[in-house]
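Fold and contact review
Residues per chain, in single letters:
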Amino acid sequence: MTDDTKHAETLIDYDLHVGEDARHDAAHPAKLRVEGVNFWYDRKQALENVSLDIFDREVTALIGPSGCGKTTLLRCLNRTNDIVAGARMTGRILLDGADINDPDVDPPQIRRRFGWVAQKPNPFPRSVFYNVVYGARLHGVVRTRAEEDALVRDVLERTGLWDEVKDRLNEPGTALSGGQQQRLCVARAISDDPEVLLMDEPASALDPIATMHLEELIETLRKRYCIVIITHNMQQAARISQRAAFFHLGRLVEAGDTQDVLLNPQTDLCRNYVTGRFG
Ligand SMILES: Nc1ncnc2c1ncn2[C@@H]1O[C@H](COP(=O)(O)OP(=O)(O)OP(=O)(O)O)[C@@H](O)[C@H]1O
Ligand SMILES: [Mg+2]
């Protein structure tokens, strides 16, 4: 590497204002790289030539009006769109540099590396304990009751729920408050140690206090995971994300440092959206 390119990379790093533990340079390549992705539901095109780098230990917010393709992209990342009849994708998605759609790749192996948190809290109608331990049991992360107990405690502590539910581990997850249920769903999503957390408007059904708890949790989890979150709330995007990507009609219009995308948009479309003029 010449001194000039080194210097340029240092400047790029500096300009991005990302968290102190996040890096965008040759030594810290994108965790996920979306390259020229097109996606169709039968004849309806939902994504058009989307290219986006997503980095580890950062929160990337996908924003844009309803129907612009945010959920479609999120579901392409962990190959859950595979099961949609009539769906077709071109382009590439690389996870740690490897094409997730390579014919040699086993889709369940890819899905395992992702956790998913849905819009509405959707715990299993089973105990709190079962909700947390489910994925870890399924994937052989824990084998004995002692290991399960330790894992449940650790994950509930990491999701800020332990003190609230330690005496309710045998109660149904559905008996918790909405905010607790959503944090339980995050606990379920991380219990088998994924690398990437995908969240599709996870706070949209929560009250402001529960939203605050969830946002604090996301900030803590960022130190360990790559997080991609869809939100319609620009204040939320500003509070929790380091990078933002604005979509419109299936196209990626702007992407970059969240502050730049929200405060200094380069296109009228993005400016009008983030200032609430449409969407
Ligand atoms: N299973 C499906 N079959 C056919 N069309 C679909 C399907 N799912 C989504 N679409 C269409 O694809 C486009 C993108 O949808 P998508 O759900 O990705 O948007 P979104 O940005 O997540 O919207 P929202 O903010 O409302 O959740 C929309 O026009 C939608 O109607
Ligand atoms: Mg959606």
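Let me begin by describing the structure that accompanies this report. Remember, it's a predicted structure, so these values are computed and weren't measured experimentally. (Residues numbered from 1 in each chain as written. Chains lettered and ligands numbered in written order. Predicted model: local features only at pLDDT ≥ 70, side-chain atom pairs only at ≥ 80, totals over all residues. Heavy atoms only, no water.)

This brings us to the sheet that holds strand E10 (residues 251-257). If you trace the six strands from one edge of the open sheet to the other, you get E6-E7-E8-E3-E9-E10, paired in mixed fashion. Of all strands in the sheet, those bounded by a partner on one side alone are strand E6 (114-117) and E10. Strand-to-strand twist across the sheet, computed as the mean angle between neighbouring axes with direction ignored, equals 15 degrees. Direction of pairing for E6 relative to strand E7 (residues 196-200): parallel, over a ladder of four bridges. Within the sheet, the bridge partner assigned to Trp 116 lies in E7 and is Leu 198. Here helix H7 (residues 178-190) sits on the sheet and contacts E6 and E7; the angle it forms with E6, its principal contact strand, is near 165 degrees. (Pairing = 2+ DSSP bridges. Helix = DSSP H or I, 4+ residues; strand = E, 2+ residues; numbered from the N terminus. Axes fitted to C-alpha atoms, helices over the stretch in contact; angles between N-to-C directions. Contact = heavy atoms within 4.5 Å.)

Quick look at the site of ligand 1 now. Every one of the 13 residues lining ligand 1 counts as a neighbour, but Ser 66, Gly 67, Lys 70, Thr 71 and Thr 72 are closest to it. Side-chain polar atom of Lys 44 to an oxygen atom of ligand 1: 3.3 Å apart, as the coordinates give it. Against a free-state accessible area of 640 Å², the protein chains account for coverage of 61% of ligand 1. When residues of the shell around ligand 1 are traced back to their parent elements, those giving at least two are strand E2 (44-54) and helix H2 (70-77). Residue contributions to the shell around ligand 1 peak at three residues, all from H2. For the shell around ligand 1, the class distribution of residues is four nonpolar, six polar and three charged. (Near = heavy atom within 4 Å. Polar contact = N/O pair within 3.5 Å; in protein donor to acceptor, adjacent residues only side chain to side chain. Areas by Shrake-Rupley, 256 points an atom, 1.4 Å probe, with all protein chains shown as cover. Nonpolar A, V, L, I, M, F, W, Y, C, P; charged D, E, K, R; others polar.)

Moving on: the layout of surface pockets. The space that makes up the largest pocket amounts to roughly 400 Å³. Phe 114, Trp 116, Tyr 134, Arg 188 and Asp 192 are the residues nearest the centre of the largest pocket, which is lined by 16 residues in total. Elements represented by at least two residues in the lining of the largest pocket include exactly helix H3 (107-111), E6, helix H4 (128-138) and H7. Its residues assigned to classes, the lining of the largest pocket comprises eight nonpolar, four polar and four charged. (1 Å grid on protein atoms, 1.4 Å probe; cavity = no way out; pocket = protein on both sides within 12 Å on 5 of 7 lines; lining within 4 Å. Points joined across faces, edges and corners; volume = space filled by probe spheres on them.)

Within strand E8 (residues 226-230), five of the five residues are buried, leaving the element largely enclosed by the surrounding structure. Burial of the side chains of E8 extends over both faces: Cys 226, Val 228 and Ile 230 are buried on one face and Ile 227 and Ile 229 on the other. In this structure, strand E3 (residues 59-63) lies alongside E8, joined through four bridges in parallel fashion. Looking at E8, one finds that Ala 61 is bridged to Ile 229. Where E7 meets E8, five bridges bridge the pair, whose relative direction is parallel. (Buried < 20%, exposed > 50% of the residue type's maximum accessible area, 1.4 Å probe, protein only.)

Attention shifts here to the environment of Val 274. You can see Val 274 is positioned in helix H11 (residues 268-274). If we ignore the near neighbours within four places in the chain, the residues touching Val 274 are Ile 63, Met 234, Val 261, Leu 262 and Pro 265.

Everything listed is a geometric property; what it means functionally is a separate question.
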